[in-house]
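Geometric and topological summary
What follows is the residue order along each chain.
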Amino acid sequence: MPTRPPAAIAEAARALAHKECAAIQQALDSPAQVHEAIHSARKSIRHLRALLQLVEDRIPDAQRADRILQRVGDSLSRLRDAHVAIATASRFITEDGPEHWLPVVQHLTRRRDSLLEKTLARDPAFARRRTRIERVAQLLEQLDWARIRGKDLRHGLEKGQRRVEKAARRAARDPDPDNLHRWRRRVRKLRMQMEAVKRIAPDIAKSAAQSSTSKQLKALHTLSDQLGDCQDLDVLQTLLDRIPALPQRDHLRACIRASATLPPLPG
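Structure report, in brief. (Residues numbered from 1 in each chain as written. Predicted model: local features only at pLDDT ≥ 70, side-chain atom pairs only at ≥ 80, totals over all residues. Heavy atoms only, no water.)

For glutamine 53, the location among the structural elements is in helix H2 (residues 34-55). A relative accessible area of 15% means that glutamine 53 is categorised as buried. Only 2.4 Å separates the side chain of glutamine 53 from the side chain of lysine 189, close enough to count as a polar contact. Residues within four places of glutamine 53 in sequence aside, it is in contact with Asp66, Lys189 and Gln193. (Helix = DSSP H or I, 4+ residues; strand = E, 2+ residues; numbered from the N terminus. Buried < 20%, exposed > 50% of the residue type's maximum accessible area, 1.4 Å probe, protein only. Polar contact = N/O pair within 3.5 Å; in protein donor to acceptor, adjacent residues only side chain to side chain. Contact = heavy atoms within 4.5 Å.)

Another aspect to go through is the layout of surface pockets. Space inside the largest pocket adds up to approximately 1300 Å³. Taken together, 41 residues make up the lining of the largest pocket; nearest its centre are Arg42, Arg46, His181, Arg184 and Arg188. Of all the secondary structure elements, the ones that give two or more residues to the lining of the largest pocket are H2, helix H3 (62-96), helix H7 (177-200) and helix H9 (217-241). (1 Å grid on protein atoms, 1.4 Å probe; cavity = no way out; pocket = protein on both sides within 12 Å on 5 of 7 lines; lining within 4 Å. Points joined across faces, edges and corners; volume = space filled by probe spheres on them.)

Here we take up the packing of H2 against H7. Close contact between H2 and H7 brings their axes to 9 Å; oriented N to C, the two are set at 75°. Accordingly, the angle class assigned to the pair H2 and H7 is roughly perpendicular. Across from Arg46, His47, Ala50, Leu51, Gln53 and Leu54 in H2, the residues of H7 making contact are Arg188, Lys189, Met192, Gln193, Glu195, Ala196, Val197 and Ile200. (Axes fitted to C-alpha atoms, helices over the stretch in contact; angles between N-to-C directions. Parallel < 35°, antiparallel > 145°, perpendicular 65-115°, else oblique.)

Looking now at H2. With 22 residues, H2 should reach 32 Å at 1.5 Å per residue; the first-to-last C-alpha distance of 32 Å fits that figure. Among the 22 residues that make up H2, 16 are buried, leaving the element largely enclosed by the rest of the structure. (Expected span 1.5 Å × (residues − 1).)

Right, let's get into the nonpolar core. As a rule of thumb, nonpolar side chains are buried together in soluble globular proteins. Among the nonpolar cores identified, the biggest contains 58 residues, and Leu48, Leu52, Leu140, Trp145, Leu153, Trp183 and Ile200 are the most heavily contacted of them. In terms of residues, this core owes the most to one element, helix H1 (residues 6-28), which gives 10 residues. In this structure, Ala85, Leu236, Ile243 and Leu246 belong to the second largest nonpolar core, which totals 18 residues. (Core = buried A, V, L, I, M, F, W, Y, C linked by side-chain atoms within 4.5 Å.)

Take the pattern of salt bridges next. Summed over the entire model, instances satisfying the criterion amount to 11 salt bridges. A salt bridge links lysine 159 to aspartate 57; the nearest nitrogen and oxygen atoms lie 3.5 Å apart. With lysine 159 in helix H6 (residues 150-173) and aspartate 57 in the loop between H2 and H3, this pair connects stretches of sequence that are 102 residues apart. Take lysine 159: its relative accessible area is 27%, and that puts it in the partly exposed class. Take aspartate 57: its relative accessible area is 47%, and that puts it in the partly exposed class. Across the salt bridge formed by arginine 253 and aspartate 250, the nearest N and O atoms sit 3.4 Å from each other. With arginine 253 and aspartate 250 both in helix H10 (residues 249-259) and three residues apart, the pair spans about one turn of that helix. (Salt bridge = Lys/Arg side-chain N within 4 Å of Asp/Glu carboxyl O.)

Topologically, isoleucine 148 is positioned in the loop between helix H5 (127-142) and H6. Note: C-alpha distance between isoleucine 148 and arginine 14 (134 residues apart in sequence) is 10.0 Å. Leave out the neighbours within four places in its chain, and isoleucine 148 touches Pro6, Ile9, Ala13, Val55, Arg58, Ile59 and Leu153.

What follows is about the packing of H6 against H7. Their axes nearest at 9 Å, the elements H6 and H7 cross at an angle of 160°. When the axes of H6 and H7 are compared, the pair comes out roughly antiparallel. In this structure, H6 crosses over H7, and the sense of that crossing is left-handed. In contact with Leu153, Gly156, Leu157, Gly160, Gln161, Arg163, Val164, Lys166, Ala167, Ala168, Arg170 and Ala171 of H6, H7 contributes Asn179, Leu180, Arg182, Trp183, Arg186, Val187, Leu190, Gln193, Met194, Val197 and Ile200. For the contact of H6 with H7, the residue count by class is 13 nonpolar, five polar and five charged. (Left-handed = near helix turned anticlockwise from the far one by under 90°. Nonpolar A, V, L, I, M, F, W, Y, C, P; charged D, E, K, R; others polar.)

Another aspect to go through is unusual backbone geometry. Of note, alanine 125 is a non-glycine position whose phi angle comes to about 55°, a positive value. Looking at where alanine 125 falls in the secondary structure, it is placed in the loop between helix H4 (98-122) and H5. Of note in the backbone geometry, phenylalanine 126 takes a positive phi value of approximately 60° without being a glycine. The residue phenylalanine 126 is located in the loop between H4 and H5 in this model.

Set out below in structure tokens:
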């Protein structure tokens, strides 16, 4: 596969960054399905942050946009977790019966709706958040994308792989929720970076995927999903413990523990 020239790599990276930024803006623009919109916005935020962190050593100014994106993403995380917790609890209705889990789902639904109401009261139609994303779009336009070279993408992937391996070793030593969550985030980021490089410079992505130090995209996706499921169950467990006077609490906890399956930890 022929190697893309630097100008083509730079333009492809710039275009991808603007595409993800536009997707965030569209998701937050008076959404009709607000929870789906929050999910879409956070997903595009993660994709854009992964790309910016891939090239930040070559373009340090990318960190300014990344910090804004992090704040916007974090500001939506409680809403997203609240919505996901309902879906996670709902799957136990089929497995364990509605008499145990229906009160949990009803409580979590009221909690989610209350969080959303308070969020929109402070930021109607996500106007403040959309203004911040508009600022990100301006910063992206100012970045010197022409500085990017193929070697910068390779370096970024190698750096991401090292971070995954470090997080994996920490999780193997102590598989507590924080360490598992850190491992998941780094796996997910590396997968997104590999996907970005596949679109920006396919020859570099192919080389990276075939190297002995990098995992295939499919394997990374599977691992990320497994760790994500563990994270969702951990969030549900935390929320479950906060529900007052909940019948059969010990039984519900046991169901969550039985459902949680860690992926193989590195030896």
